Amino acid sequence: MVLVTNKVGVIGWPVTHSISPAMHNAAFKALGLNDWQYELAPVPPDIVGPSLRMLRDEGGFIGVNVTVPLKEKVMSFVLADDRARSVGAVNTIDFRSNVGTNTDVVGLIDDLQAHHITLAGAKVIVLGAGGAARAAVYGLAKAGAQVIVVNRTQQKAQVMLADLTMSAGIRSADVKTLDEAAEENASLIVNCTSVGLWPKVDESPWIEGVPFPKGVTVYDTVYRPERTLLMQQVEAHGGQAIGGLGMLVRQGAAAFKIWTHQDPPVEVMFEAAKAALVLK
Ligand code: ATR
């Protein structure tokens, strides 16, 4: 029996549905990192500070991922890097340095690049104005895209862009209505709303009857179900669709590299995540 000397995991409340343990533990195994283990660590929002200290000082944790609803809360307990501060959320912590970063941004941009999607100079519609949208707008704008944000509550989108201009100097983004955005010659639509997420699989953030931009690709950050209604809609109109599992895998891969300093086996992680998703 090999002793687990390097623990990592995910904190959140709840964390029971996470597929990250399956993904990371498969990666450790593939690289022969037998003394590494990824665990679920449920942490209630009112005891985030003491819990982080306990995981680090007594739990033997090297670092953690952070999920809902703690991504903003942990910021006051770590040294948030520029990206995490700009996005306003930390999803990965390295306890050895106490640095918190945001690999959700990396996950999205890496997965778009893996699908050979050009971002520099491209027009991209982002649906949503919550935490996921903020990370997406930041990453897309930094990659040189012109971003159009559409959100049910338009004022929230305006506040988000004002914040991103202040925190990261982002100016290449506007807020529009869905009808206005649909008229733009966008090459990519990124869904950052939770609309279409299981079990409400018959909902879509794209209102039926609004035409899709010609030849557009939809990237749906929703990965449960694997094929959302939005993805089906755009394919029915001659566009392309990509589900968000790759983003989840690649944000995990980026965290894996931070903790282990090894190149992550992305394919192994993808297969493990996919298998775990079917089981959940
Ligand atoms: P996350 O941090 O995962 O992005 P969030 O902050 O709750 O989650 O944001 C959810 C996003 O989905 C928001 O943009 C929300 O729109 P509002 O700002 O108008 O609330 C969007 N959303 C959720 N349910 C929706 C629905 N039924 N129709 C349209 N947009 C919806």
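From a predicted model like this one, the values you see are computed outputs, not experimental measurements.

### Thoughts on the overall build of the protein
Summing up its helical and strand segments, the protein has 10 helices and 12 strands in all. Computed over the C-alpha atoms, the radius of gyration of the protein is 19 Å, within 12% of the 19 Å expected from 2.2 N^0.38 for a compact globule of 280 residues. For the protein, the spread of C-alpha atoms along the principal axes amounts to about 60 × 40 × 30 Å. Burial statistics for the protein: of 280 residues in total, 51% are counted as buried. Here the analysis covers contacts within the protein between residues at least 6 apart in sequence; of these, 67% occur between residues at least 24 apart. Both charge centroids of the protein, one from 24 positive and one from 27 negative side chains, sit 3 Å from each other.

### A word on the site of the ligand
Neighbouring the ligand are the residues Gly128, Ala129, Gly130, Gly131, Ala132, Asn151, Arg152, Thr153, Lys156, Thr193, Ser194 and Val195. In the model, an oxygen atom of the ligand is placed 2.8 Å from a nitrogen or oxygen of the Arg152 side chain. At 2.4 Å, a side-chain N or O of Thr153 approaches an oxygen atom of the ligand. For the ligand, the protein covers 62% of the area, taking 640 Å² as the surface of the free molecule. Split by residue class, the shell around the ligand holds three nonpolar, seven polar and two charged.

### Things to note about the sheet that holds strand 4 (residues 79-80)
As summarised here, the arrangement of the six strands in space is 2-1-3-5-6-4, forming an open sheet in which the pairing is mixed. Since the sheet does not close on itself, it has two edges, and those belong to strand 2 (36-42) and strand 4, each with one partner. Here two bridges tie strand 4 to strand 6 (residues 99-101), and the two strands are oriented parallel to one another. Its bridge partner being in strand 6, Leu79 is matched across the sheet by Val99.

### A look at unusual backbone geometry
Looking along the chain, the bond that leaves Trp198 and enters Pro199 is cis, with omega of 10 degrees. Here Pro199 shows up in the loop between strand 10 (188-191) and strand 11 (217-220). For the bond running from Arg224 to Pro225, omega is 10 degrees, close enough to zero to count as cis. Mapped onto the fold, Pro225 is located in the loop between strand 11 and helix 8 (229-236). Notably, His116 is not glycine yet its phi reads approximately 60 degrees, a positive angle. In this structure, His116 sits in the loop between helix 4 (103-114) and strand 7 (123-127). The backbone phi angle of His261 is positive, close to 60 degrees, even though this residue is not glycine. Checked against the element boundaries, His261 lands in the loop between helix 9 (245-260) and helix 10 (266-279).

### Focus on the domain arrangement of the protein
Segmentation of the protein into domains returns domain 1 (6-102 + 248-279) and domain 2 (106-243). Centre-to-centre, using C-alpha coordinates, domain 1 lies 25 Å away from domain 2. On the domain 2 side, the residues contacting the 13 residues of domain 1 number 14 residues. At the boundary of domain 1 with domain 2, total buried surface from both sides reaches about 1200 Å², with 61% on carbon and sulfur atoms. Counting every contact that joins domain 1 to domain 2 gives two salt bridges. In this structure, the salt-bridge partner of Asp111 is Arg250, at a minimum N-O distance of 2.8 Å. For the pair domain 1 and domain 2, the interface holds two residue pairs in polar contact (both at pLDDT 80 or more). Mapped onto the side of domain 1 that touches domain 2, the elements with two or more residues apiece are helix 3 (82-87), helix 9 and helix 10.

### Some points on the pattern of salt bridges
With the rule as written, the count across this model stands at 11 salt bridges. Here Arg56 makes a salt bridge to Asp57, at a shortest N to O gap of 2.9 Å. On the accessibility criterion, Arg56 (32% relative accessible area) is partly exposed. Each of the salt bridges in this network shares a partner with another, and the network as a whole consists of Lys123, Lys176 and Glu184.

Reading the values: rules and limits
- Residues numbered from 1 in each chain as written.
- Predicted model: local features only at pLDDT ≥ 70, side-chain atom pairs only at ≥ 80, totals over all residues.
- Heavy atoms only, no water.
- Helix = DSSP H or I, 4+ residues; strand = E, 2+ residues; numbered from the N terminus.
- Rg over C-alpha atoms; globule rule 2.2 N^0.38 Å.
- Buried < 20%, exposed > 50% of the residue type's maximum accessible area, 1.4 Å probe, protein only.
- Contact = heavy atoms within 4.5 Å.
- Lys, Arg positive; Asp, Glu negative; His and termini not counted.
- Charge placed at Lys NZ, Arg CZ, Asp CG, Glu CD.
- Near = heavy atom within 4 Å.
- Polar contact = N/O pair within 3.5 Å; in protein donor to acceptor, adjacent residues only side chain to side chain.
- Areas by Shrake-Rupley, 256 points an atom, 1.4 Å probe, with all protein chains shown as cover.
- Nonpolar A, V, L, I, M, F, W, Y, C, P; charged D, E, K, R; others polar.
- Pairing = 2+ DSSP bridges.
- Domains from an automatic or database assignment.
- Buried area = accessible area lost by both parts, 1.4 Å probe.
- Salt bridge = Lys/Arg side-chain N within 4 Å of Asp/Glu carboxyl O.

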